[in-house]
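What follows is the residue order along each chain.
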Amino acid sequence: MRQMIVEVERKFTCSGDTLKTLEEIGVCVGQRQFLDQYFDTPEFELTLRDLWLRKRKECWELKCPAEMVTGTEEPSGEQSLCTRYKEITNLPEIYMKVKEVIKEGCKDGESGPSLDDDSWLRKLNLVCFAEYTTVRQSFTLGEEGLQIDLDQADFGYNVGEIEVLIPEGGDVQSAQEKIRNAAQKLGLTGDEQVEGKMHVYLKRYHPEHYAKLLSAHIL
Ligand code: V4E
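Residues numbered from 1 in each chain as written. Predicted model: local features only at pLDDT ≥ 70, side-chain atom pairs only at ≥ 80, totals over all residues. Heavy atoms only, no water.

*Asks:* Would you mind going over unusual backbone geometry in detail, with residue names and values included?
*Replies:* In this model, phenylalanine 44 sits at a positive phi of 60 degrees, which is unusual for a non-glycine residue. When you line up the elements, phenylalanine 44 lands in the loop between strand 2 (27-40) and strand 3 (52-56). Phenylalanine 44 gets classed as buried once you look at its relative accessible area, which sits at 15%. We note that lysine 57 has phi near 50 degrees; this positive angle belongs to a residue other than glycine. In this structure, lysine 57 sits in the loop between strand 3 and strand 4 (59-65). (Helix = DSSP H or I, 4+ residues; strand = E, 2+ residues; numbered from the N terminus. Buried < 20%, exposed > 50% of the residue type's maximum accessible area, 1.4 Å probe, protein only.)

*Asks:* Describe the nonpolar core, with residues and values.
*Replies:* One recurring pattern in soluble globular proteins: nonpolar side chains tend to sit buried together. Ranked by internal contacts, the top residues of the largest apolar core, which has 21 residues, are Ile148 and Ile162. Of all the secondary structure elements, the ones that give two or more residues to this core are strand 1 (5-12), strand 7 (146-153), strand 8 (157-167) and helix 5 (172-185). Here this core takes five residues from helix 5, the largest share from any one element. Those residues within four positions of isoleucine 162 in sequence are excluded, and the remaining contacts are Val8, Glu9, Arg10, Phe12, Leu146, Gln147, Ile148, Ile179, Ala182, Ala183, Leu186 and Leu188. (Core = buried A, V, L, I, M, F, W, Y, C linked by side-chain atoms within 4.5 Å. Contact = heavy atoms within 4.5 Å.)

*Asks:* I'd like a description of the site of the ligand, backed by residues and values.
*Replies:* What surrounds the ligand is a group of 21 residues, the closest being Arg54, Arg56, Arg136, Glu161 and Lys197. Contact distances for the ligand include 2.3 Å between an oxygen atom and a side-chain N or O atom of glutamate 161. Its free accessible area being 640 Å², the ligand has 91% of it covered by the protein chains. Every element with two or more residues in the shell around the ligand is listed here: strand 1, strand 2, strand 3, strand 5 (82-88), strand 8 and helix 6 (197-205). Residues that form the shell around the ligand fall into these classes: six nonpolar, two polar and 13 charged. (Near = heavy atom within 4 Å. Polar contact = N/O pair within 3.5 Å; in protein donor to acceptor, adjacent residues only side chain to side chain. Areas by Shrake-Rupley, 256 points an atom, 1.4 Å probe, with all protein chains shown as cover. Nonpolar A, V, L, I, M, F, W, Y, C, P; charged D, E, K, R; others polar.)

*Asks:* Let's hear about the sheet that holds strand 7: which residues, and what values?
*Replies:* As summarised here, the arrangement of the eight strands in space is 1-5-4-3-2-6-7-8, forming a closed barrel in which the pairing is antiparallel. This sheet shows a mean twist of 35 degrees between the axes of neighbouring strands, independent of strand direction. By the bridge criterion, five bridges tie strand 3 to strand 4 in an arrangement that is antiparallel. Its bridge partner lying in strand 4, lysine 55 is registered against tryptophan 60. Running over the sheet, helix 3 (residues 91-102) touches strand 3, strand 4 and strand 5 and is turned about 50 degrees from strand 4. (Pairing = 2+ DSSP bridges. Axes fitted to C-alpha atoms, helices over the stretch in contact; angles between N-to-C directions.)

*Asks:* Give a detailed account of the side chain of histidine 209, specifying residues and quantitative values.
*Replies:* Mapped onto the elements, histidine 209 comes out in helix 7 (residues 207-215). Take histidine 209: its relative accessible area is 4%, and that puts it in the buried class. Of note is the side chain of histidine 209, whose polar atom sits 2.9 Å from the side chain of threonine 47. Non-local contacts of histidine 209, meaning those with residues more than four positions away in its chain, are made with Phe44, Thr47, Leu48 and Leu202.

*Asks:* Outline the environment of glutamine 31, supporting the account with residue identities and numerical values.
*Replies:* Mapped onto the elements of the fold, glutamine 31 is located in strand 2. Residue glutamine 31 is classed as exposed on the basis of its relative accessible area of 57%. For the pair glutamine 31 and glutamine 137, spaced 106 residues apart in the sequence, the C-alpha separation amounts to 4.3 Å. Apart from residues no more than four positions distant in its own chain, glutamine 31 is found in contact with Val135, Arg136 and Gln137.

Spelled out as C-alpha cells, the structure:
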C-alpha cells in the first residue's frame, strides 16, 4: 500500500485582527474555488464511523481518523483543538475501504466494478448528502510544510484552518508544535472548539443526522 498522508489541522475563527496579522506576516500563495460533494449511504454508515468520502474537482478522497499510537496523546485540551485525518486518494483503495465498511456491493465479482465513471457509487448505495462551494485563500508563514487556509463556504460560513501534512507514522507532536507557534503568531489565544464547514452544514440542513453524529461524538 502506498504512503498515506495525515493532515493535522486546527480550525480558527478569522477576525478582522487575525486577517490583518496574516496579511502582514504571511505570504498569500493563491486563491481557488472548488465544489465539494460528500457521499454516504442513506443510513449514514460512513459518517457515523467518522469516514468522509468526497469528490473535489473530479478527485476522490476518503478522510479517516488517524490511529492514535499509545504515548502520543497531547496534553489535555490540545486534543480537541487539533484533528488528525488520514487521506486516501487512490480510488481502488477508497472503493475497497468503503466496501469493507458497509459490507455491501459484493455482487460485482472478483475484479469489482469499473471505477472509470461514478456507477460504483450506486453499487455501494452511496448518495450525495452535502454539496457546497468554497472560496479558499491560502497563506504560508515561512514555516516549512505549514499552510493557513481561509475558507468562505457558499452557504454563508467562514472558517480558517492551520494545517500541516505529514506522512503516516510521522511526527505528530512536531506538527502540533508548528501549529501552536503559528496560532500564537496570529494572536489566536482562544482555545474554543471552532466548527468546521460540514459541522455547520449538517446542523442547518440535516439536523437529525447532526444530532446522531453529536451523540456518537463524531462532531
Ligand atoms: C474530517 C471531517 C469532515 C470532512 C471535512 O473535513 P475538513 O477538513 O473540515 O474540510 P475541508 O474542506 O477544510 O478539507 P481540506 O481541504 O482541509 O482537506 S467533516 C467532519 N470531520 C471531522 C472533524 C471533526 N470531528 N472536528 C473538526 C474540528 N474538524 C473535522
